[in-house]
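Residue-level structure breakdown
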Amino acid sequence: MTTGIVFDIKGFALHDGPGIRTTVFLKGCPLRCLWCHNPEGLSPFPQLSVKQTACRHCGKCTVPCSHPDCQPFGRCLHICPSGCISVAGTAYTAEALAEKLYADRDVFAMSGGGVTFSGGEPLLQADFVCAVSGLLHREEIHTAMETCGYASPNVFRRTAEQMDFVIMDIKLADPVLHKQYTGADNGVILENFRWLASCGKPYEIRTPLIPGITDTEENLAAIRNIIGDSKWEKLPYNTLAGAKYGNFGMEYTLEK
Amino acid sequence: MINRTLYTFITEQKHHAWRRPSVPSRAAEYADAGMTPAQRMSARFCEMAAEEAKNPHILPGQKIVLMRTLPNGPDVLTPGEWEEIRKDHFIHESGYISNICPDHISLVKTGFKAARENADPLSAACLDAMSALCASYREEALRTGRVDVAEVLAKVPEYPAETFREALQFFRIVHYGLWLEGDYHNTVGRFDVYMMPWLRHDLDAGILTMTEAEELLEDFFLSFNIDSDMYTGIQQGDNGQSMMLGGRLPDGTNVWNELTEMCLKTSGELKLIDPKINLRVSKDTPLSVYEKGTELTKVGLGFPQYSNDDVVIPALVKLGYDPEDAANYTVAACWEFIIPKVGMEIANIGALSYPLCVDRAVRALEDSADLQDLKIAVAREIRTEAAAIMDKVHDVWFVPSPFLNLLYGGRNIADGAKYNNFGIHGTGISCGADSLAALEKYVFTEKRWTLSQVVAAMDNNFEGEDEMCAALRYEAPKCGRDDLADRYLVYLTEAFSCALAGRKNDRGGIWRAGTGSAMFYLWHAAALPASPDGRRKDEPFAANYSVSIFAKIENPVSVIRSLTKPDLAKVCNGGPLTLEFHDKIFAGEDAITKVASLVQYFIRSGGHQLQLNAVNRDRLLDAQANPEKYRQLIVRIWGWSAYFCELDKEFQDHVIRRQEDVI
Ligand code: SF4
Ligand code: SF4
C-alpha cells in the first residue's frame, strides 16, 4: 500500500488547470524559494501549526495531556478554545485519498475539471501521486500536476506520463540566480522542460513575478527564449506570501 | 449609453433638495369623523397625491418620470385604535399590506379611464388623484420643453399603453401609487414575461431600436432608486423591489428574450441595488445563462439570486397550488416563493428555531436515553414549537389598500385572495444538525460524555470544559463535510415539514416551511444558551440555509453537496444557500465559466435557491469594523484561502488595498 503525506486539500480550485478542480497539496519540497508562500509544504514531515492571529496565549495547550497523537508535538491538539492548533501533514493511503477525491466527481464532469497534485513538490512523492492518479483515471477523473520540475528525469517523465495535464514552474533562467534564490541549480529543470515540450502532453509554464528577482526584463526574455511559444502564465507576487510562516514557527526571509 | 447626468443627479441625491415634510397626521380627525380604515387610506392617498401634484419635478434628461417629495404618510389609525384592533387580531409587521406581487400590468393594459368605470368610489378617488398628479407632470413637461414626456403623459395613465416607453411610464405610475399608498415591499414580478409584448411591438413596428430600448430601460431602472431611501424596510435597500427573470411558463416553454438579456446587462451597468434581479433556471438551462448571471455576480451587487424551477414548481403544486399558478411563481422581497396576481400570502409570519427544539429535547431526556429517544424528542419539540407559532396567528387583519385593490380586479385584498398561505422560516439549521451529530458521536456512540455532562457544560458556557468544547466545536462531524451531520439536515427539514403538513390557517390557507432566517437567526441565537455543537452563548447561528460558522468549510462544492441532500421541495417557502467569494476568483481565463458551472451543479443537484456574493472593498471595510457579521467571509488569494476576519489588520488592509485594482 502506498502512502503519502498531504498538507491540504482544496476544493473549488479555479486556477490550477482546466475546469473546477480539487488541488491536493503534497508535503515536502526540494527547493527553498525565498518567496515561497507555502512554508508548510517544505518539510516532508508533519508539522504543528499554531494560528498566530487567533492565539490568545492562554497556555492551555501546553499543559501535558495523554492523547497519543499529541505526543510528538509536545502540545495538546484537542483543547484550544479558539481552534488555533492543527497539524499540517496527514498520511493517506492512495485508496483513501482517491476515495475522498471522488466526492467532487460530478462537478469535475460538469465543468471539465479534475484533480491537481501540487505542493510542496508532488514529485517527491511520485509513487504515491502515480498510484492516486491511476485510481482517479479508473473513475475517469482528469488529473494534473503542478511541479517545480526539480526531479530526476526518470521520475519526472514517469509521473508526467501519468497525468492529463502538467503545470510546470520556470522561475529563473539563469543557473546562478536560480541557485541563489531557490537553493538549487536549474539544469535538470530545463532538461525536464525540454522533454515535456516534446512529449505531446498538454502543459503550461508558470513564472511567479517576484519583484526584482524573477520579474526582470532579462529573466522574462530568457524564459521566453527557452520555452518558445509554450503557454505561459505569469503570476503576480502574492504580498501575503509571508503570512503563514509564523504559524509554523518559521521565518520569512524575503524582504518586501 | 447611460444618461450620466441623470445617473449622477440621482446617485448624488440632488433631488433630495425638494423633499418636504409629509402631510400632517389626521388619524384623530378621521376617527372623530367615524371614517372606516379604507376611507382613511383613500383620503390620505388623495391628500398626498394632491400635495405631490403641486411639486412636479422632471430630472435632467429623465424619460420615465414621477418622483416623491414627501416621505411616507403618517399612520391612518390612532395608537388607541391599534390597541383595540390588536386585542382581536394578529397584526403582521406594521399592519399595512406588504410583500406581495400585484398585477401592475392589468392597469397598464386597461388605462385609468376604463378602470374608473368599474372601481368602487374609494379606489376611483385614488385614480382621480393619480390622474391629477400625472397631469401636473405633463404641464411641467410642457413648461420645460420636454415635449416627449408630455406626449407620453397625454396617453398614459388614462389610456392603455401601446409602446414600450408608455408601458414603462405606466408601470412607474402604478408602482409609485403603491408606495404612496403606504403598501411596502412592493415586488416587481416576472418583468420579462409581462413587459416583452410592448418591446416586441416597438421592435417589430420599427419605431424603436435596441439601443433606444436600453436607454429607456436604464431610465426605468433608475426610477426604482429615486425614492427608495424613503421606503419602509429594516434597513435601506430592504425594500422588496425584486424582479424575476426567465423561467418556465404555464405552457411548459421557457422565457429568455431580448428583455431578459437587457435587464441583466442594464443591472450590471448601473450597479445600483434596485431592482434586485432574480433568475429562474432549471436543469435544462444552458451554461451560457449562468455565465451571464455570473457576469452580474462579479459586479458585486449580490445578485442575481437563482431559483430552481425543477424544485420550486413541483413543490408548490404539492402544496396545493394550481399548476399554472405554480409555474408563474416569483419571489417576495427577499426570497419567499409567492404567486403574482392571485396571492395574498404572508410568507414570513414566524420562525422556528431548530437549535431551540434540540435544546428542549436534550434537556427532556435522562442519561439512560438512546439515540432513537433523542430523535423522537427532537421531532416532538419541533411539532410543539411549530404548533405554538401557528396558534399565535389568528384573525390576521390588514389596513385595506384601495389603490392596490385595483390591481386585483377591485377585490379587497386585505381580506385575502386565491392563495392565503403563511410561511415560517427555519433558523439555525446547521447548528441544530451539527448538535445532533455531535451528540450521536460523543454521547451515544463513543460514550465519552453523558447527556447530563453535556447539558451541564452548556449551562456553564463550556467554562472549564475546553476539551469537550473543542471536540464539539471543531472535531465533531459538521454539515457541509460529514455525511453523519448531513443526515440530520435531512431529519430536521423532514420534521419541520411534517409539523406543518395538513394544518390550515384561519384564512383557509396552508402553512409552508422554509429555509430562510431573515433577522430571526440573531434573535433566536441570543435567546439560547450554548449548544451541543460547541457554539457558545451569544454566538449567532449561521444565516439562512448555510453551514456552521466555525466549521470552516472552504469548499463550496462540498457545501452544495451536503445542503442539497434534504428534499428541498418539502421546505420550499424560500431561503437561499448563500456563497461568498472574493471577487478575485472571477478574474482569469474561464473563471466566469467555472463559477457558472458551480451554479449549474447546485441546480442539477436539486438545490432550490442560491445566492452568490463577490466580495468587494466596501464589504471588507465593513467586515473590518464588524467582524462578527462576516465570520464566514472567505478571501481566496492566489493559491490559498483565508478567513478574512482571521487575518491581521495589516493583512486585511493589504487585501482591501488590492481590491482597488479589481475591475
Ligand atoms: S518550489 Fe514551490 S513549494 Fe517549493 S519552495 Fe519553491 S515556491 Fe515553495
Ligand atoms: S490553547 Fe490555543 S489560544 Fe491557548 S495558547 Fe494554545 S494555541 Fe493559543
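Residues numbered from 1 in each chain as written. Chains lettered and ligands numbered in written order. Predicted model: local features only at pLDDT ≥ 70, side-chain atom pairs only at ≥ 80, totals over all residues. Heavy atoms only, no water.

**Some details on the overall build of chain A**
Along the backbone of chain A there are seven helices and 10 strands. Relative to the globule expectation of 18 Å for 256 residues, the C-alpha radius of gyration of chain A, 19 Å, shows essentially globular dimensions. For the C-alpha atoms alone, the extent of chain A along its principal axes is close to 60 × 45 × 30 Å. Split into buried and exposed, the 256 residues of chain A put 55% on the buried side. Counting only carbon and sulfur atoms, one obtains 53% of the accessible surface of chain A, whose full area is about 10,900 Å². Looking at charge distribution, chain A has the averaged site of its 23 positive side-chain charges lying 5 Å from that of its 27 negative ones. (Helix = DSSP H or I, 4+ residues; strand = E, 2+ residues; numbered from the N terminus. Rg over C-alpha atoms; globule rule 2.2 N^0.38 Å. Buried < 20%, exposed > 50% of the residue type's maximum accessible area, 1.4 Å probe, protein only. Areas by Shrake-Rupley, 256 points an atom, 1.4 Å probe, with all protein chains shown as cover. Lys, Arg positive; Asp, Glu negative; His and termini not counted. Charge placed at Lys NZ, Arg CZ, Asp CG, Glu CD.)

**Considering unusual backbone geometry**
Geometrically, the link from Gly119 of chain A to Gly120 of chain A is a cis peptide bond, its omega value of 15° lying close to zero. Summarising the element assignment, Gly120 of chain A is placed in the loop between strand 6 (114–119) and helix 3 (126–138). With an omega of 10°, the peptide bond between Val156 of chain B and Pro157 of chain B qualifies as cis. Along the chain, the position of Pro157 of chain B falls in the loop between helix 7 (147–155) and helix 8 (164–181). Of note, the phi angle at Glu140 of chain A is positive, near 60°, even though the residue is not glycine. Inspection of the secondary structure assignment puts Glu140 of chain A in the loop between helix 3 and strand 7 (142–147). A relative accessible area of 77% means that Glu140 of chain A is categorised as exposed.

**So, the interface of chain A and chain B**
In this complex, chain A contributes 39 residues to the contact, which on the side of chain B involves 39 residues. With both chains or domains summed, chain A and chain B bury close to 3,400 Å², and 58% of this area falls on carbon and sulfur atoms. The interface formed by chain A and chain B holds three salt bridges in total. A salt bridge links Asp466 of chain B to Lys60 of chain A; the shortest N-O distance between them is 3.0 Å. Across the chain A-chain B interface, the total number found is 15 residue pairs in polar contact (both at pLDDT 80 or more). Partitioning the side of chain A that touches chain B into residue classes produces 19 nonpolar, 13 polar and seven charged. (Contact = heavy atoms within 4.5 Å. Buried area = accessible area lost by both parts, 1.4 Å probe. Salt bridge = Lys/Arg side-chain N within 4 Å of Asp/Glu carboxyl O. Polar contact = N/O pair within 3.5 Å; in protein donor to acceptor, adjacent residues only side chain to side chain. Nonpolar A, V, L, I, M, F, W, Y, C, P; charged D, E, K, R; others polar.)

**Side note on helix 22 (residues 483–500) of chain B**
Residues and elements named next belong to chain B. Helix length check: helix 22, at 18 residues, gives a terminal C-alpha distance of 26 Å against a target of 26 Å (1.5 Å per residue), a fit within 8%. Of the residues making up helix 22, those classed as buried are Ala485, Asp486, Tyr488, Leu489, Leu492, Thr493, Ala495, Phe496, Ser497, Ala499 and Leu500. The first or second residue beyond helix 22 is Gly502, which carries a positive phi of 85°. (Expected span 1.5 Å × (residues − 1).)

**Points about the site of ligand 1**
Every residue close to ligand 1 is listed here: Cys29, Leu31, Cys33, Cys36, Leu42, Gly120, Cys148 and Lys171 of chain A. Across the shell around ligand 1, the residue classes tally to six nonpolar, one polar and one charged. (Near = heavy atom within 4 Å.)

**Focus: the sheet that holds strand 13 (residues 609–615) of chain B**
All names here are of chain B. Here six strands make up an open sheet; going across it, the order is 1-2-5-6-13-12 and the pairing mixed. Here the strands that pair on one side only, and so sit at the sheet edges, are strand 1 (189–190) and strand 12 (577–582). Most of the contacts of helix 14 (residues 309–318) go to strand 6 (residues 305–308), to which it runs at about 55°, and overall it touches strand 5 (276–281) and strand 6. (Pairing = 2+ DSSP bridges. Axes fitted to C-alpha atoms, helices over the stretch in contact; angles between N-to-C directions.)

**Regarding the pattern of salt bridges**
For the structure shown, the criterion picks out 52 salt bridges over all chains. The partner of Arg26 of chain B in a salt bridge is Glu47 of chain B, with the nearest N and O atoms 2.5 Å apart. Placement of Arg26 of chain B in the loop between helix 1 (4–11) and helix 2 (27–32) and of Glu47 of chain B in helix 3 (residues 37–53) is noted, with a sequence separation of 21 residues between them. A residue is classified by how much of its surface remains accessible, and Arg26 of chain B, at 23% relative accessible area, is partly exposed. Its salt-bridge partner being Asp391 of chain B, residue Arg503 of chain B comes within 3.1 Å of it at the nearest N-O pair. Taken together, the positions of Arg503 of chain B in the loop between helix 22 and strand 11 (511–513) and Asp391 of chain B in helix 17 (residues 371–392) put the pair 112 residues apart, joining distant regions of the chain. Relative accessible area serves as the criterion here: at 29%, Arg503 of chain B is assigned to the partly exposed category. Several salt bridges converge on common partners, so that one network encompasses Asp16, Glu146, Glu204, Arg206, Lys231 and Glu233 of chain A.

**A look at the domain arrangement of chain B**
All names here are of chain B. For chain B, the assigned domains are domain 1 (1–186) and domain 2 (346–567). On a C-alpha basis, the centres of domain 1 and domain 2 stand 40 Å from each other. Across the boundary between the two partners, domain 1 contributes 37 residues, which contact 22 residues of domain 2. Counting each side, the surface lost to burial between domain 1 and domain 2 is near 2,500 Å², with a carbon and sulfur contribution of 72%. The three residues of domain 1 that bury the most area against domain 2 are Phe90, His92 and Ile97, which together make up 28% of that side's buried surface. Across the domain 1-domain 2 interface, the total number found is zero salt bridges. Where domain 1 touches domain 2, the interface holds 11 residue pairs in polar contact (both at pLDDT 80 or more). Broken down by secondary-structure element, the contributors of at least two residues to the side of domain 1 that touches domain 2 are helix 3, helix 4 (79–88), helix 5 (104–118), helix 6 (121–143) and helix 8. The residue makeup of the side of domain 1 that touches domain 2, split by class, is 23 nonpolar, nine polar and five charged. (Domains from an automatic or database assignment.)

**A few points about the domain arrangement of chain A**
Structurally, chain A comprises domain 1 (3–46 + 91–239) and domain 2 (49–87). Put simply, the middle of domain 1 of chain A and the middle of domain 2 of chain A, counted by C-alpha atoms, are 32 Å apart.

**Thoughts on the side chain of Ser49 of chain A**
Tracing the backbone shows Ser49 of chain A in strand 3 (residues 47–50). Dropping the residues within four chain positions of it, Ser49 of chain A is found in contact with Cys84, Ile85, Ser86, Asn247 and Phe248 of chain A.

**Focus: helix 17 of chain B**
All names here are of chain B. Compared with an ideal rise of 1.5 Å per residue, which puts 22 residues at 32 Å, helix 17 spans 32 Å between its outermost C-alpha atoms and is within 8% of the ideal. The complete set of buried residues in helix 17 reads Leu374, Ala377, Val378, Ala379, Glu381, Ile382, Glu385, Ala386, Ile389 and Met390. Turning to helix 17, the residues buried within the fold contact strand 9 (346–353), helix 16 (354–364), strand 10 (422–427), helix 19 (429–445), helix 22 and strand 11.

**Remarks on the packing of helix 5 of chain B against helix 6 of chain B**
Residue and element names in this part refer to chain B. Running from N to C, helix 5 and helix 6 cross one another at 155°; their axes reach a closest spacing of 9 Å. One way to sum up the angle between helix 5 and helix 6 is to call them roughly antiparallel. Crossing of helix 5 over helix 6 shows left-handed handedness. Between helix 5, through Phe112, Ala115 and Arg116, and helix 6, the contact on the second element is made entirely by Ala124, Leu127, Asp128, Met130 and Ser131. Its residues assigned to classes, the contact of helix 5 with helix 6 shows five nonpolar, one polar and two charged. (Parallel < 35°, antiparallel > 145°, perpendicular 65-115°, else oblique. Left-handed = near helix turned anticlockwise from the far one by under 90°.)

**Observations regarding the environment of Ser558 of chain B**
Mapped onto the secondary structure, Ser558 of chain B falls in helix 24 (residues 556–563). Linking Ser558 of chain B and Cys479 of chain B, residues 79 residues apart in sequence, is a C-alpha distance of 9.4 Å. Apart from the residues within four sequence positions on either side, Ser558 of chain B is in contact with Asp104 of chain A together with Gly480, Arg481 and Ile553 of chain B.

**Quick word on the sheet that holds strand 9 (residues 203–209) of chain A**
All names here are of chain A. Within the open sheet, the eight strands sit side by side as 5-1-2-6-7-8-9-10. Their pairing is mixed. Looking along the sheet, the strands with just one partner apiece sit at the ends: strand 5 (90–93) and strand 10 (232–236). Averaged over all neighbouring strand pairs, the angle between strand axes comes to 30°, with direction disregarded. Note that strand 1 (residues 3–13) and strand 5 share four bridges and pair antiparallel. Counted as the bridge partner of Ile5 is Ala91 from strand 5. Here helix 1 (residues 94–102) sits on the sheet in contact with strand 1, strand 2 (21–26), strand 5 and strand 6, set at roughly 95° to strand 5.

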